[in-house]
Amino acid sequence: MEKEIIEIRWHGRGGQGAKTAALLFGEAALETGMYIQAFPEYGPERTGAPVSSYNRLSKKPIRIHSGIETPDIVLVLDPTLIGKVDVTAGLKENGVIIVNTKKSPSEMRKMLGVKDTIKVYTVDAYGIALDTIGKAIPNTPMLGSLIKATGILNFDHLLESVRKKLEVKFRGKGADIVDKNIQAIKKAYEETKGEE
Amino acid sequence: MKVVAKTANEAMAEAMRQINPDVVAAYPITPATEIVQIFSSFVHDGLVDTEFIAVESEHSAMSACIGAAAAGARVMTSTSSQGLALMDEVLYIAAALRLPIVICEINRALSAPINIHCDHSDTMNVRDSGWIQIYAEDSQEAYDSVIQAMKIAEEAFLPAMVTADGFILSHAMQRIDMLEDEEVQAFIGEHKSPYNLLDIDNPITIGPLDLQDYFFEHKRQEADAMMKAPKVIKKVADEFGQKFGRKYGLVEEYRLDDADYAIVVMGSTAGTAKDTVDLMREKGHKVGLLRIRVFRPFPAEEILNALKNVKVVGVMDRADGVNAFGGPVFMEVRAALYESEKKPDVYSFVYGLGGRDVKPVDIERVFQMIMEADKGKKIDRLNYIGVRE
Amino acid sequence: MKETWKELPIGAIIKEPGTSKRFETGDWRTERPVLDPEKCIHCMFCWIYCPDSSIKVEDGKMEGFLYEYCKGCGICAEMCPTKAITMVREEV
């Protein structure tokens, strides 16, 4: 199989924007000339119910259409999912997991019980979202954390791409909300912590 | 040409916008809802000149499409699953009246039990309705095929449906190379209508009672149109390939040249299967794949030609025949191969019903089974892959 | 000899208008309407009700029946307010 494909899984709760995050990230990656997939896992769609969404990124056209079972990167948009959803399921040996939590990466590592080869990052995305956007919406901050933890895309490019998409999405709702989201992404980028 | 990120639903809606049909009559249904929703916003925003008819059912949607097409309009709609099933009797009428209507169809399992995810039972249910059926492997092909289908339908005077796998494609965003609006318009050309109900200088009667003395001739004529359709489909695909660089045929062969073992598959699973073929080739297995893109008209000759030197064939059906001899694609592929000198052994593999995920490992298992069958192991003619036994 | 499938227009359409004129449904009749002009007041009830457009009208006057098409259903006789139409058995 083409090893060059990077697979990402987003865990969230219905209404937290896990799908939107995957779409925004996918589009930002596409603009750098990569081939992408971004898709949600559809189940009963209820606010608050555990949901997941996915990305595939590759320099070559992506042909595979099966679900993602062994992701390279996992993002957890809500810390209360841990213990209820198997967020580390199938995570590759040298994979990365990024969790929205106030806890430190080493505390989170213990909670998750993952192998030493897996890198753990944490960020208080709720706190950041409340400070900037005024609502505890963790999806856009987590985009900043993803870039900080993996360097998978150029950060300035991501900001520019997300800004353009949000300007369309929030058309008529003022530039303010777009700026606040961008601020949230920047803050999360700065505050995302890995282990020493 | 511009590169964008779109789901199959979004891409098909964009293709509809670029075609700019005179009439769209539609009733939204999961997972094709977005196609109708996005297109209706195009209508609202004045991006198309389309008369959008919001009907109360899919039966009415197709009936309105027929009326509009008979009156000389360029007509499109979109549906899925139960919606397509509700259109069923009207689909036959569209085809027999030879009206070039195009459906953007999203494959979803037919109830019961109720399910919203992908399988091909909905389009298999209407496979003999007289509609051209094109199964897309990815969203790019869904987009390209909708544009081609409009031209094919108007040259063959047969209705056509382009299908994309529900959720797997309909809701998955991928890179799409979109054509410019003018390129699409130039490609599809002037609308062609077989006749026009509103031409008062040349009044005609449409849909009269047709009994023992004429009905058979009209059905024979419809069959003839379908028999001639492959030529039209190939011509339109060639023209598309020359103009825009993406090549399509009735079938797609993948690493079949020296293959001893082949699987036949339709829709998005073909992509996953191509990766699996590469994986198995690396391990030294002489395996290949045949993707049927156009299931109606059935490309028997192309299939025979592609598989004539293969030892064993596994046909993967995303719909069950329930009490038939195997899956619907299997039965027709096996019948086509009856004409071959070497008569490859053919097995049926039903998979992925109701959106059950199909992974490379599932496809590898199909290959393993047909390879074992070749070595003398007795396996069932009909197999179910990925179901809990 | 009727047309082969290759000769027929597509879509089972009928290209020529008014071909039903050639279909003489008068053959179906077992009873025929007969008009008594003395009683007829030219109210046109028969003309309105006739399902086969078989009432002959000239200058606003009821002038009899188009027996090529009249199926002998008797609705005209039933509706006639002055009993000017009677149904009589067809004889060979």
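Keep in mind it's a predicted model, so treat the numbers as computed, not measured. One numbering rule holds for all chains: residues counted from 1, following each sequence as written. To read the labels, note that chains go from A and ligands from 1, taken in the order they are written. Residue-level local features of this predicted model are given only where pLDDT is at least 70; pairs of side-chain atoms are given and counted only at 80 or more, and the full residue set underlies all totals for whole chains, interfaces and linings.

Asks: Account for the overall build of chain C, with residues named and values stated.
Replies: Across its full length, chain C holds two helices and four strands. Reading the helices (α) and strands (β) of chain C from amino to carboxyl end gives β-α-β-β-α-β. For 92 residues, the compact-globule estimate of 2.2 N^0.38 gives 12 Å, and chain C exceeds it by more than 25% at 17 Å. Projected onto the principal axes, the alpha-carbon positions of chain C cover approximately 55 × 35 × 20 Å. Residues are called buried when their C-beta atom has 20 or more other C-beta atoms within 10 Å, exposed when it has 12 or fewer, and partly exposed otherwise; all C-beta atoms are positioned from the backbone. Taken across its 92 residues, chain C has 17% of its residues classed as buried. Considering only intrachain contacts with a sequence separation of at least 6, the fraction spanning at least 24 residues in chain C is 65%. Strands here mean DSSP runs of E at least two residues long; helices mean DSSP runs of H or I at least four residues long; both are numbered from the N terminus. The quantity called the radius of gyration is restricted to C-alpha atoms. Its globule counterpart is 2.2 Å times the number of residues to the power 0.38. We call two residues in contact when the distance between their C-beta atoms, placed using the backbone, is within 7 Å.

Asks: Explain the interface of chain B and chain C residue by residue, including any values.
Replies: Quoted interface sizes are often the accessible area lost when the parts come together. The interface is formed by 17 residues belonging to chain B together with 11 residues belonging to chain C. The element contributing the most residues to the side of chain B that touches chain C is helix α8 (residues 215-244) of chain B, with four residues.

Asks: Residues and numbers for the sheet that holds strand β2 (residues 35-40) of chain A, please.
Replies: Reading across from one edge, β6(A)-β5(A)-β4(A)-β1(A)-β3(A)-β2(A)-β8(B)-β1(B) is the order of the eight strands in this open sheet, with mixed pairing throughout. With one partner strand each, in any of the chains shown, β6 (119-123) of chain A together with β1 (2-6) of chain B form the two edges of the open sheet. Taken over all neighbouring pairs, the strand axes of this sheet differ in orientation by 20 degrees on average, direction set aside. Only when DSSP finds a minimum of two bridges between them are two strands counted as paired. Judged from the eight bridges that link them, strand β1 (residues 6-13) of chain A and strand β3 (residues 50-58) of chain A form a sheet pairing that is antiparallel. The residue of β3 of chain A that forms the bridge with R13 of chain A is P50 of chain A. Fitted lines through C-alpha atoms serve as axes, helices being fitted only where they are in contact, and the angles separating the N-to-C directions of these axes extend from 0 to 180 degrees. With respect to the sheet, helix α2 (residues 105-112) of chain A is in contact with β5 (96-100) and β6 of chain A, its orientation differing from that of β6 of chain A by roughly 120 degrees. Lying on the sheet, helix α6 (residues 139-156) of chain B is in contact with β1 and β8 (173-178) of chain B; it crosses β8 of chain B at an angle near 40 degrees.

Asks: So what's going on with the packing of helix α4 (residues 139-150) of chain A against helix α6 (residues 175-191) of chain A? Which residues, and what values?
Replies: All names here are of chain A. Interhelical geometry of α4 versus α6 gives an angle of 35 degrees and a closest axis separation of 7 Å. Relative to α6, α4 is oriented so that their crossing is right-handed. Contacts between α4 and α6 involve T140, P141, M142, L143, G144, S145, I147 and K148 from the former and N181, A184, I185, K186, K187, A188 and Y189 from the latter. When residue character is reported, Ala, Val, Leu, Ile, Met, Phe, Trp, Tyr, Cys and Pro are called nonpolar, Asp, Glu, Lys and Arg charged, and the others, Gly included, polar. Residue composition of the contact of α4 with α6, by class: eight nonpolar, four polar and three charged. Here is the rule for handedness: rotate from the far helix to the near one, and if that takes an anticlockwise turn smaller than a right angle the crossing is left-handed, while a clockwise turn gives right-handed.

Asks: Mind laying out the environment of T70 of chain A, listing which residues take part and the relevant values?
Replies: Residue and element names in this part refer to chain A. Mapped onto the secondary structure, T70 falls in the loop between β3 and β4 (73-76). It is 30 Å that separates the C-alpha atoms of T70 and L166, two residues lying 96 residues apart in sequence. Apart from residues no more than four positions distant in its own chain, T70 is found in contact with G90 and K92.

Asks: Residues and numbers for the interface of chain B and chain A, please.
Replies: Across the boundary between the two partners, chain B contributes 20 residues, which contact 18 residues of chain A. Of all the elements, helix α9 (residues 269-282) of chain B adds the most residues to the side of chain B that touches chain A, at six residues. Examined bridge by bridge, β2 of chain A and β8 of chain B share two bridges and lie antiparallel to one another. Within the sheet, the bridge partner assigned to A38 of chain A lies in β8 of chain B and is M173 of chain B.

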